[in-house]
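These are the residues of each chain, in order.
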Amino acid sequence: MALAFDSATEARRESEGMVWIPGRTFTMGSDHHYPEEAPAHPVNVDGFWMSRTPVTNRQFKEFVEATGYVTVAEKAPDPKDYPGAKPEMLRAGSLVFTQPKTVSGPDISQWWTFKFGANWRRPLGGLSDLRGKLDHPVVHIAYADAAAYAHRAGLDLPTEAEWELAARGGLDDAEYAWGDEFAPGGVPMANTWSGTFPIHSTKPKGHERTSPVRSFPPNGFGLYDMIGNVWEWTSDYWSTRHPEPAKHSCCIPSNPRGRDAEASYDPRQPEIRIARRVLKGGSHLCAPNYCRRYRPAARHAEPEDTSTSHVGFRCVRRTEGEAK
């Protein structure tokens, strides 16, 4: 049931760039795409406020200037956290997508490079900067960076269920955040890859990466860039599948959270004990031929310490003390 708010509260939240997402029961996940999205199952989520757009470079810059905060990508890794790592690699930096001319096989190192000195200020590493990009989503953000920003503002990061409910924009049974057609009438509805990933982009030169927030239409809740542009952190730990649906309507999970940190560790790297969280929304690198995760149900695992040139975040505010 949607909560009622006084006009002053509503005006204050809207002035903060937040949108009210009414609580409801909806079907989370999908049985028709990647296995980690299954099974589709009903969950109940209370209403909450969500940022209308991802956090921008302008907003993150203001946060850093006010606090002196230093992001994970700007600090050298602790060797104790990375047993067996080459000492020369334990330097500050982040992962940057570089479009290759050709590829051989699925090895992602052909288009992802760990660049020393790459961070939110220098998104491509080297001498790159934020000129002309202050209204783009901030990138090269690790989980701790997103959490620090949210907590400073008295906000939180969304749970996976909150994020997915918001992304659907009221279209619970639709494939995409805007309906059942990826590009209705040939019109792109989100900043995703155009062409053949990763070797060929049909976008104009200089527009292959992030775009300013609000460049594409909002969803039914008035939220921008819930799909594409940048992946977004949620607070939930990663799990390889959703829980099985409740057998009785009385037992539908309410405000579900991800499982524990240890269960989220990557079994392919048993020596690395770093939790993984759920990313949602896809990015400007998602393409029909490679990563069809430009859907509300899609999800991806990301280690908490990892930052890249296509991961950002947005915030939520829950309603304790605000309802009439």
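Residues numbered from 1 in each chain as written. Predicted model: local features only at pLDDT ≥ 70, side-chain atom pairs only at ≥ 80, totals over all residues. Heavy atoms only, no water.

Chemist: Please clarify how the overall build of the protein should be interpreted in this entry.
Modeler: Assigned secondary structure in the protein consists of 4 helices and 13 strands. Taken over the C-alpha trace, the protein has a radius of gyration of 19 Å; the compact-globule value for 324 residues is 20 Å, and the two agree within 12%. If one aligns the C-alpha atoms of the protein with their principal axes, the spans along those axes are about 55 × 45 × 45 Å. Across the 324 residues that make up the protein, the buried fraction comes to 48%. Within the protein, residue pairs in contact and separated by at least 24 positions form 74% of the contacts whose partners lie at least 6 positions apart. Just so you have it, the protein exposes about 15,500 Å², and 52% of that area is on carbon and sulfur atoms. (Helix = DSSP H or I, 4+ residues; strand = E, 2+ residues; numbered from the N terminus. Rg over C-alpha atoms; globule rule 2.2 N^0.38 Å. Buried < 20%, exposed > 50% of the residue type's maximum accessible area, 1.4 Å probe, protein only. Contact = heavy atoms within 4.5 Å. Areas by Shrake-Rupley, 256 points an atom, 1.4 Å probe, with all protein chains shown as cover.)

Chemist: Which parts of the structure should I look at to understand unusual backbone geometry?
Modeler: Across the chain, the bulk of peptide bonds are trans and the bulk of non-glycine residues have phi less than zero. For the peptide bond that leads from Ala38 to Pro39, omega is -10°, which places it in the cis range. Looking at the element boundaries, Pro39 is found in the loop between β2 (24-28) and β3 (41-45). The step from Phe197 to Pro198 runs through a cis peptide bond, and the omega angle for that step is -5°. Looking at the element boundaries, Pro198 is found in the loop between β7 (195-196) and β8 (200-201). Here the phi dihedral of Asp225 falls at roughly 60°; this positive angle occurs in a residue that is not glycine. Among the structural elements, Asp225 can be located in the loop between β8 and β9 (231-237).

Chemist: Explain the pattern of salt bridges to me, please; I cannot follow it from the model alone.
Modeler: Pairing between side chains of opposite charge can happen when the charged atoms of each approach one another. According to the stated counting rule, one finds 21 salt bridges in the structure shown. We note a salt bridge from Arg121 to Glu74, for which the minimum N-O separation is 3.2 Å. Taken as a pair, Arg121 in the loop between β6 (112-116) and α3 (143-152) and Glu74 in the loop between α2 (57-67) and β5 (93-97) lie far apart in primary sequence, 47 residues in all. Classification of Arg121 by relative accessible area gives partly exposed; the value is 39%. Between Glu232 and Arg314 there is a salt bridge, with the nearest N and O atoms lying 2.8 Å from each other. (Salt bridge = Lys/Arg side-chain N within 4 Å of Asp/Glu carboxyl O.)

Chemist: What is the right way to look at the layout of surface pockets in this model?
Modeler: Once rolled over the atoms, a probe with the size of a water molecule shows which space is left empty. Reported here for the second largest pocket is a volume of approximately 490 Å³. Surrounding the second largest pocket, 27 residues form its lining, Asn191, Lys203, His207, Glu208 and Arg209 being those nearest its centre. Residue composition of the lining of the second largest pocket, grouped by class: 11 nonpolar, 11 polar and 5 charged. (1 Å grid on protein atoms, 1.4 Å probe; cavity = no way out; pocket = protein on both sides within 12 Å on 5 of 7 lines; lining within 4 Å. Points joined across faces, edges and corners; volume = space filled by probe spheres on them. Nonpolar A, V, L, I, M, F, W, Y, C, P; charged D, E, K, R; others polar.)

Chemist: Whenever I open this one, the environment of Lys61 confuses me. Can you help?
Modeler: Along the chain, the position of Lys61 falls in helix α2. Here Lys61 falls in the partly exposed class, since its relative accessible area comes to 34%. Measuring from C-alpha to C-alpha, the distance between Lys61 and Val138 comes to 9.0 Å, with 77 residues separating the pair along the chain. Not counting the four nearest positions on each side in its chain, Lys61 is found in contact with Trp120 and Leu134.

Chemist: Before we go on, may I ask you to explain the sheet that holds strand β4 (residues 48-51) in this structure?
Modeler: Backbone-to-backbone hydrogen bonds join strands into a sheet, with any given pair of strands oriented parallel or antiparallel. On the basis of which strands lie adjacent, the open sheet formed by 3 strands has the order β1-β4-β13 and antiparallel pairing. Each of the sheet's edge strands pairs with one partner strand only, and the pair in question is β1 (18-21) and β13 (316-317). Across 4 bridges, the pairing between β1 and β4 is antiparallel. Opposite Met18, over in β4, you have Ser51 as the bridge partner. (Pairing = 2+ DSSP bridges.)

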